[in-house]
Every structure is written in C-alpha cells, then in structure tokens.
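# Fold and geometry: a report
Below are the chains, spelled out letter by letter.
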Amino acid sequence: MVNPFNDAYFMGEALKEAQKAFEISEIPVGAVVVCKNRIIARAHNQTEKLTDATAHAEMLAVTAAANYLGSKYLNECTLYVTLEPCVMCAGALHWVQLQKLVFGASDVQRGYSLVSTPLLHAKTEVQRGVMAEEAKALIDNFFKKLRA
C-alpha cells in the first residue's frame, strides 16, 4: 500500500492554499505545517486582505501551528510552502527551530537563499523543488493576470 502522506501529498495541500490566495487576488503562496504526518496548520498569503505586510503564508501557518501545539518551537514540524521563504519568514523559521523546510519554487528575487548569512536554524533540514513547476506556474499566472 502506498503511503499517501509524502512530500508530494503535503505540497499538494500547500498548493490548494496558494490557489485560495490566487482567488482573492493575493500573491499565490500557500503553506501547511505537518507534525507526525498530520497537518496541524494551513495558511495562504493575506497581506492585502489584512493590510499587513507580514501576513505571509509561512508566518500565518507558523503562528497557527504554535498555537495548536501550545509551544513557540516547531522542532518536530515540517513546513511545506509553495515558494521559497523570504528573509523575514526565514528569520521566523529560525526562531521557531523548524525541523524541516520543504519548498516548491525558488524565489530568485526575494528568497532567503540570496542572502549570504545563514538564516535558518542550524538543525533545519531543507528540501527544495518539490512540485516547483506547479508552484511557479501559479505565481506566473497570477502576475500575467495582474498585468493584463
């Protein structure tokens, strides 16, 4: 029997969140936090809706997960996010001591990996490129629609 709980499954759930953002004219980024093979938090970008520049999918998902666990640390959790986190989000992921980060598309303009100083916690494992084409297509379609 195939285990449905794998990186593609959880990234698919993050892509569903990104689609929600797309539908409300937010930059389509979605995130889910997984602990022990269970989604404990999900979010999508809401910077426009909340008029809050910090309301990135990652930040909202991390806050929801911390509230769910009753802890400021997510050291037994994996964050699946459709786009490489920005510097702000990577800083937050450092402070929560995230166990693992899995992201889809790289952000060649604002992604945390553009910075030479390591931003994530030293113990955080990183996996890049999971469903990157799907994530990038959603972002590209959003900006095409925005510019039309």
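In the nomenclature of an unreviewed UniProt entry, the protein chain corresponds to tRNA-specific adenosine deaminase from the organism Chryseosolibacter histidini. In its Sequence similarities (unreviewed entry) section, UniProt records this for the protein chain: "Belongs to the cytidine and deoxycytidylate deaminase family. ADAT2 subfamily." The record in UniProt for the protein chain states the following under Catalytic activity (unreviewed entry): "adenosine(34) in tRNA + H2O + H(+) = inosine(34) in tRNA + NH4(+)".

### Things to note about the sheet that holds strand β1 (residues 30–35)
Across the sheet, five strands lie side by side as β2-β1-β3-β4-β5; this open sheet has mixed pairing. Edge positions in the open sheet fall to β2 (38–44) and β5 (125–128), since each of these has one partner strand only. Geometrically, the sheet is characterised by an average inter-axis angle of 15° between neighbouring strands, direction not taken into account. Across four bridges, strand β4 (residues 100–105) lies against β5 in parallel orientation. Each bridged residue has a counterpart across the sheet, and for Phe103 the counterpart in β5 is Arg128. Across the face of the sheet, helix α2 (residues 57–69) comes into contact with β1, β2 and β3 (77–83) while running at roughly 145° to β2. Taken strand by strand, helix α4 (residues 132–147) contacts β3 and β4, and its axis lies near 60° from that of β4.

### A word on the nonpolar core
One finds Val33, Leu79, Leu98 and Leu101 to be the most contacted residues of the largest nonpolar core, which totals 28 residues. Put simply, the parts of the chain that give this core at least two residues each are β1, β2, α2, β3, α3 (87–95), β4 and α4. Apart from residues no more than four positions distant in its own chain, Leu79 is found in contact with Ala31, Val32, Val33, Glu58, Ala61, Leu93, Leu98, Lys100, Leu101 and Val102. In terms of nonpolar packing, the next biggest core, distinct from the first, is built from nine residues, Ala14, Val34, Ile39 and Tyr80 among them.

### So, the UniProt feature "active site" (unreviewed entry) in the protein chain
Mapped onto this structure's residue numbering, the UniProt feature "active site" (unreviewed entry) falls at Glu58. In this fold, Glu58 is placed in helix α2. Aside from chain neighbours lying at most four places away, what touches Glu58 is Val29, Ala31, Leu79, Val81, Leu83, Pro85, Cys86 and Cys89.

Procedures and definitions
- Residues numbered from 1 in each chain as written.
- Predicted model: local features only at pLDDT ≥ 70, side-chain atom pairs only at ≥ 80, totals over all residues.
- Heavy atoms only, no water.
- UniProt positions renumbered as here; feature names shortened; annotations may be inferred.
- Pairing = 2+ DSSP bridges.
- Helix = DSSP H or I, 4+ residues; strand = E, 2+ residues; numbered from the N terminus.
- Axes fitted to C-alpha atoms, helices over the stretch in contact; angles between N-to-C directions.
- Contact = heavy atoms within 4.5 Å.
- Core = buried A, V, L, I, M, F, W, Y, C linked by side-chain atoms within 4.5 Å.
- Buried < 20%, exposed > 50% of the residue type's maximum accessible area, 1.4 Å probe, protein only.

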